[in-house]
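# Observations on the three-dimensional arrangement
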Amino acid sequence: MTVPETAAIPKRDRLLRRTLRDPVAVACLVILALVILASLAAPLLTDYAPDHSVLSDTLAPVSGAHPLGGDGVGRDVLSRLLYGGRTSLLGGTLAALVAFLVGGPLGLVSGFYRGWFDAAAGWIINVIMAVPAIIVMLVVMAALSQDLNVAMIVLGVIMAPMVFRLIRASVVSVREELYVDAARVSGLGDPRIMRRHILPVVVAPSVIQATQLFAVAIGIQAGLSFLGLGKASQASWGAMLNDGFTNVYTEPTLLVWPGLAMAVTILAASLLGNAVRDALGTTETRVVRRRRPGPRKTAAGGPSPSDRLLTVEGLRISYPKPGRSGGSDGSDGDKIVVDGVSLTVERGEVLGLVGESGSGKSQTAFAVLGLLPNEAEVTADQMSFTGKELLGVSQAALNALRGRGIGYVPQEPMSNLDPCFRIGSQLVEPMRKHLGISRSEARTKALELLARVGIPDPERVFKSYPHQVSGGMAQRVLIAGAVSCDPHLLIADEPTTALDVTVQAEVLDLMRSLQQEREMGMILVTHDFGVVADICDRVAVMQTGRIVETAPVEKIFASPEHAYTRMLLDSTLEGGPARAALGAPLKEVTS
Amino acid sequence: MLVFLLRRIAAGVVLVVVVATATFLLLSLTGTDVARNILGESASPAQVSAKAHELGLDQPLVVRYGHWIDRAVHGDLGQSWFTGDSVNQSLANTLPITLSIVLVGMLIALVLSIVLGTVAALRGGWVDRVVQFAAVLGTAIPSFLIALVLAVVMAVQLGLLPATGYVALGTSPSGWLQSVILPAVALAVAATAATAMQVRGALIDVLRADFVRTLRSRGLNTRSVVYRHALRNAAPPALTVLALQFIGLIGGAVVVEKVFGLPGIGTLANSAAVRGDSPVLLGTVVVTVTVVVAVNLLLDIAYGWLNPKVRVS
Amino acid sequence: MTAGPAAPTPLLELEDVVVEYPGKGRRAKPFRVLHGVSLSIAPGETLGLVGESGSGKTTLGRAVLGLAPVTGGSIRYAGKPVSGLGKRERRALSKDVQVVFQDPFTSLNPAMTVMDILTEPMLVTGVSRTDAERRVQTLLDQVYLPHDAAQRLPREFSGGQRQRIAIARALCRDPKLIVCDEPVSALDLSTQARVLDLFIEIQEATGVAYLFVTHDLSVVRHISHRVAVLYRGDIVETGHAAQVTEHPEHAYTKRLLLAAPVPDPQRQAQRRAERLRLARERDAS
């Protein structure tokens, strides 16, 4: 039932500020500014024209007159480096600009209106993307012009598909958002929806891509001039590399300057893009490996009674970052999600764990299974299953227990089956591991299980992939998987919440009959008091990480003790009067 | 699946024809007098018009195109305007060289990207950050710059491997490997970086998926969960990226071949472009696009094999 | 089937409405979600629309809003046909017909402040910014949110509070009809009850009518004057809330009713027995 927090998109000014707080970003900006300045100020920094060749200066050494020496045909290296910078920067800018001018509007329209325009654009884009850019450039330069700037404009058109794809994808994803529907229902016209709701989302990824395209274009331009294309009068880093390469055995340093200039410019541009991406927060949070502390005290409670399956005492779960598991009120700072929970489950008993979102009921269930995220810190006075410690033991020990001793039924049926494997193999794999039986034995047992959970055609489902069965069917498969290795305890996390009410009733019937026939203990995590009344023997009510009341199911409904339990029960609409017909006397209640 | 394949093949054929046609038209736009270029400044106007007639340049565009496409369909891509060599023969000589470096590059990228992406996703922490940073560098730096560095350091300075030249696989497998390994590595860097990031991202997403938790709840060990289930689920999106990277690899080969002095398709295309040798240039475009289509088809098949939703429907 | 005594001029009237989505691929048959649905809503009335997933209940709401392709039948608002309207006429209707969606997390633009979200529909109609901002204060009062809420972003609010913001947005141009698409099903139990009461309070104060789409029979019983049951694209039963939820006539409605567990162990045990008995009878026949 918990609705995940949507990732917030920071406003643009905040994005800029966050980017500028990153030292790498600042360094990149400074480097790019220096490269731009040096190129612009080329006439001030050097007296030589970039294509002025003096025979006596061929491969001239570094001197006052030629701070970086002379090249293979006697031109000043520094001058060519500075003027070449102009060519590169202009070329990169031209290409990126054209790519956005062409790809941007097309992507916007394509993603927003879809239909035939989208189909046609998509087809053309695929054609353009199937041909390597540099080959197209060869053709274009052979056919149209040797001017590198013209070539870069054409390159912009060739790179436009990348912009198109990016913009289209972001527009399509935003367009599906309910708030765009809401804006439409509010009477906003298409241009306004684009400006207010769609463009802001597109800006940040566009900035990132612009830096990448800029870098790619500089590389391709250099590649072309390295190949010897382009006008001889246009100084460029690629042509310098070409010249350096022909003299590689005599004067390898000629390669160093243009290579360095190019590498530095390209890296600065792409690292800048990367920094913007980081500031956007689109990179995944890093997985923190944390040693899970063991129990604070070991089994102080003495030997547990023989029918006791699970004992949890003083369970506490916290997260290092605030707001990770999210209280429903979204308050920050509260890192503790479960605070001193104690519960027991007897053999053959169904314990309902009830609470609203953020109460910590699912966290408690996952803690028992050892399936909390790595960054969770778990401590407990005691947490044991049939006398075996659950906390601080090795993964191997837990794996021996999971599936075999404790089974798990998840909430969402479709997302809990591996889409790449047949249902049969997903059932067979754990059985072979835990029960040590052969493939064919496991197969027979799996088919029996599928029949047992009420699947009409076990053979077909066994061979099916998850996407080929319905949600109710998938939940039955998951229940079959949970009980396949005959566990003593079943942990079901909202097992029917995602199902329709008629399917829910059937699945609850199935779980009850399995539980009774196998005498399993069960923890049923739910928010629904109807489900509790249907299947539970005992109920523990949770509120913000604590259990406020535990009692037999009849007592919870008949005489709840805690105010919170009473409030929850009062909130259920069942049993209340139906609303009277419109125009009926106000006080009259149909019963 | 068969229908799916046939449709992809048909789409590929259409693609090749469209690209060939577009290239043909583009090359016909050239303002320069081709016959004059071929014969040089000293030729008389009569000689020039005779040459133009010989090459069929005096005919209308439609006729020339029809003629070309008719021959192309029958497997003949014409002759070079300048040398008169058969384009088919030139392509047959150069294609193996380009394919060698590109496919070895793809193989390197495939293996390395899986290893690096998986390590980054699983280890996290500084390992992840180093891989991510290296990937940004790897995607940004053009392959020919890497090739230059490799050529200068490994071949020229250290003399570990040959700087130039190509040895056919049939002649000497070890010689072949030595001649293609440096260019292949130079080409593989960008593809590795991009694909590794995709593997990393997809794997992190998959490891957070509900079904991974459920698999773990069944007591399967980490090895099975990560390498059998998670990696398998992360493969399709990575494959999509790799398919795109292949096109970049072919493009990169054009320049990298020059660095290592390999007489491949890129070198052929480059010299044709410089001279304005349309039939040869056209031939290289057709062959390149065909190779791209073929490799994409193979990757499509692999994608379908990895993704049951495509296979079973 | 007893249709409720709708007022002489219904606010909204659906007649044999068919909704089809084009099939995947060019030659595939279109996918028909609604097979000719007829219903009407009187001014100030709540019509509850119940159904399970795939019944087409959400599609019906979207068809009324002009967000789903109506390929047959007619939708009339205040006597005038509204299906197949041009974009401009459709926009004129937005003053009267509004929406509250299920998911309060994606129905509000995360980058906009509550003030921007609430003033936007007013500003497009040429209301001055000062007037619009003044109206926002009234709206926030109406849905019991503090005044300083206007300057905050949606992510600072809980699900229930966000749904109140969505209700305020729907109210800002005094609509006559609000389509409510499962507006409380993503909320916690206690929040759900309070938001439902807010819906009723607003209706009593403003006389707005609701088309209330939900899968939850207890919710629909609580808020609806009349209830329509949708099953696989057809309405199988319509009637007063008490009648449909206590003495259903159609077999599917009966099944639906018995399947919903009640929060009372003894009564639930009886219902379960009754349901299993009916299921056995159905299997036998």
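What this report covers is the structure whose coordinates are included nearby. (Residues numbered from 1 in each chain as written. Chains lettered and ligands numbered in written order. Predicted model: local features only at pLDDT ≥ 70, side-chain atom pairs only at ≥ 80, totals over all residues. Heavy atoms only, no water.)

## Re the overall build of chain B
Convention followed: By the criteria applied, helices consist of DSSP H or I runs no shorter than four residues and strands consist of E runs no shorter than two, each listed in order from the N terminus. Exposure is judged per residue with a 1.4 Å probe applied to protein chains only, and the accessible area is read against the type maximum: over 50% gives exposed, under 20% gives buried, and values in between give partly exposed. By definition, residues are in contact when any of their heavy atoms lie within 4.5 Å.
A count of helical and extended segments in chain B gives 13 helices and zero strands. Starting at the N terminus, the α and β elements of chain B follow one another as α-α-α-α-α-α-α-α-α-α-α-α-α. Expressed along its principal axes, the backbone C-alpha trace of chain B runs to roughly 85 × 55 × 35 Å. Within the span of chain B, comprising 313 residues, buried residues form 50% of the whole. Taking contacts inside chain B between residues at least 6 apart in sequence as the whole, the part at least 24 apart equals 74%.

## Digging into the interface of chain A and chain C
Where interface size is quoted, it is often the accessible area lost as the parts come together. Test applied: Buried area counts how much accessible surface, traced with a 1.4 Å probe, disappears from two parts once they are put together, with both parts' losses summed. A carboxyl oxygen of Asp or Glu within 4 Å of a side-chain nitrogen of Lys or Arg is what we treat as a salt bridge. All amino acids are sorted into three groups, where Ala, Val, Leu, Ile, Met, Phe, Trp, Tyr, Cys and Pro are nonpolar, Asp, Glu, Lys and Arg are charged, and the leftover types, Gly among them, are polar.
Every contact between the two is made by 61 residues of chain A and, on the other side, 79 residues of chain C. Together chain A and chain C conceal approximately 6000 Å² of surface at their shared face, both sides included; 57% is due to carbon and sulfur atoms. In terms of surface lost to chain C, no three residues of chain A exceed Val185, Leu573 and Arg579 of chain A, which account for 14% of the buried area on that side. Where chain A packs against chain C, one counts four salt bridges. Salt-bridge contacts for Arg272 of chain C lead to Asp534 of chain A; the nearest nitrogen and oxygen are separated by 3.0 Å. Grouping the amino acids of the side of chain A that touches chain C by side-chain chemistry returns 27 nonpolar, 16 polar and 18 charged.

## Remarks on the pairing of strand β4 (residues 70-77) of chain C
All names here are of chain C. Threshold: Pairing between strands is defined by DSSP: at least two bridges between the two strands are required.
In this structure, strand β1 (residues 12-21) lies alongside β4, joined through six bridges in antiparallel fashion. By the bridge assignment for β4, Val19 is matched with Val70. Across two bridges, the pairing between β4 and strand β5 (residues 80-81) is antiparallel. Along β5, the bridge assignment pairs Tyr77 with Lys80. Here β4 hands over to β5 after two residues, with Ala78 in that stretch at a positive phi of 50°.

## Here we look at the interface of chain A and chain B
In this assembly, 72 residues from chain A lie in contact with 69 residues from chain B. Between chain A and chain B, roughly 6300 Å² of surface is buried when both sides are summed, and carbon and sulfur atoms account for 68% of that area. Taking the shortest distance from any N to any O, the salt bridge between Glu429 of chain A and Arg228 of chain B comes out at 3.3 Å. Take the side of chain A that touches chain B: its biggest share by element is nine residues, from helix α11 (residues 253-280) of chain A. The class makeup of the residues in the side of chain A that touches chain B is 42 nonpolar, 20 polar and ten charged.

## Points about helix α7 (residues 143-157) of chain B
Put simply, the rule is: Expected helix span is computed as 1.5 Å times (number of residues minus one). One axis fitted to the seven residues ending at a residue, another fitted to the seven starting there: the angle between these axes is the bend at that residue.
Helix length check: α7 of chain B, at 15 residues, gives a terminal C-alpha distance of 20 Å against a target of 21 Å (1.5 Å per residue), a fit within 8%. Along its length, α7 of chain B shows its largest kink, about 25°, at Ala151 of chain B. Those residues of α7 of chain B not exposed but buried are Ser143, Phe144, Leu145, Ile146, Ala147, Leu148, Leu150, Ala151, Val152 and Ala155 of chain B. If you follow the buried residues of α7 of chain B, they end up packed against α9 (190-226), α10 (237-246) and α11 of chain A together with α8 (173-207) and α10 (222-259) of chain B. Positive phi shows up at Gly159 of chain B, right after α7 of chain B, with a value of about 65°.

## Some details on the pattern of salt bridges
Under the defined criterion, the tally for this structure stands at 43 salt bridges over all chains. Residue Arg308 of chain A is joined to Glu346 of chain A by a salt bridge in which the shortest nitrogen-to-oxygen separation is 2.9 Å. In this pair, Arg308 of chain A sits in strand β1 (residues 308-318) while Glu346 of chain A sits in strand β2 (residues 336-346), placing the two residues 38 residues apart along the sequence. A salt bridge links Arg71 of chain B to Asp76 of chain B; its shortest N-O distance comes to 3.6 Å. A residue is classified by how much of its surface remains accessible, and Asp76 of chain B, at 25% relative accessible area, is partly exposed. What emerges from the salt-bridge pattern is a single network uniting Asp509, Arg512 and Asp534 of chain A together with Arg272 and Arg275 of chain C.

## Points about the sheet that holds strand β11 (residues 546-552) of chain A
Each strand in a sheet pairs with another by means of backbone hydrogen bonds, the pair being arranged parallel or else antiparallel. Residue and element names in this part refer to chain A. Let me state the cut-off plainly: In this analysis, axes come from line fits to C-alpha atoms, helices being fitted only over the stretch in contact, and the angle between any two N-to-C directions falls in the range 0 to 180 degrees.
If you walk across this open sheet you meet the six strands as β7-β8-β9-β3-β10-β11, and the pairing is mixed. Taken across any chain shown, the strands that pair with only one partner, and hence form the sheet edges, are β7 (406-409) and β11. On average, adjacent strands in this sheet sit at an angle of 15° to one another, irrespective of strand direction. Inspection of the sheet shows strand β3 (residues 350-354) paired to strand β9 (residues 521-526) by five bridges, in the parallel sense. Residue pairing for β9: Gly352 is matched across the bridge by Leu524.

## Some words on the sheet that holds strand β2 (residues 31-41) of chain C
All names here are of chain C. With antiparallel pairing, four strands are arranged side by side in an open sheet as β2-β1-β4-β5. Unpaired on one side and paired on the other, β2 and β5 mark the two borders of the sheet. Each of β1, β2 and β4 is contacted by helix α1 (residues 57-64), which is oriented at about 115° to β1, the strand it contacts most.

## Looking at the packing of helix α21 (residues 563-571) of chain A against helix α6 (residues 189-206) of chain C
Describing two packed helices takes the angle between their axes plus the distance from one axis to the other. As a reminder, the rule being used: Angular relationships are summarised with four words: roughly parallel below 35 degrees, roughly antiparallel beyond 145, roughly perpendicular across 65 to 115, and oblique for the angles in between. When the near helix sits turned anticlockwise from the far one by under a right angle, the crossing is termed left-handed; a clockwise turn instead gives a right-handed crossing.
One way to put it is that α21 of chain A packs onto α6 of chain C with a least axis distance of 8 Å and a crossing angle of 50°. In terms of their interaxial angle, α21 of chain A and α6 of chain C are classed as oblique. In this structure, the crossing between α21 of chain A and α6 of chain C has a hand that is left-handed. Here Met567, Leu568 and Ser571 of chain A of α21 of chain A come into contact with α6 of chain C, specifically with Leu189, Ser190 and Ala193 of chain C.

## Things to note about a nonpolar patch on the surface
Residue and element names in this part refer to chain A. Test applied: Residues enter a patch when their relative accessible area is above 30% and they make no salt bridge; the linking distance is 9 Å between like charges and 5 Å between nonpolar side chains (Val, Leu, Ile, Met, Phe, Trp, Tyr). Here the accessible surface of atoms and residues is derived via Shrake-Rupley with a 1.4 Å probe, and residues count as covered only by protein chains that are part of the display.
Taken together, Leu16, Leu20, Val26, Leu29, Val30 and Leu34 make up a surface patch of nonpolar side chains, about 520 Å² in accessible area. If one sorts the elements of the nonpolar patch by residue count, helix α2 (residues 23-40) sits on top with four residues. Taking the relative accessible area as the measure of exposure, Val30 reaches 46% and is therefore partly exposed.

## Overview of the packing of α11 of chain A against helix α6 (residues 125-140) of chain B
Close contact between α11 of chain A and α6 of chain B brings their axes to 9 Å; oriented N to C, the two are set at 130°. In terms of orientation, α11 of chain A and α6 of chain B fall into the oblique class. Both α11 of chain A and α6 of chain B take part in a crossing whose hand is right-handed. Counting all contacts with α11 of chain A, which are made through Ile266, Leu267, Ser270, Leu271 and Asn274 of chain A, the residues of α6 of chain B involved are Phe133, Val136, Leu137 and Ala140 of chain B. Per-class residue counts for the contact of α11 of chain A with α6 of chain B are seven nonpolar, two polar and no charged.

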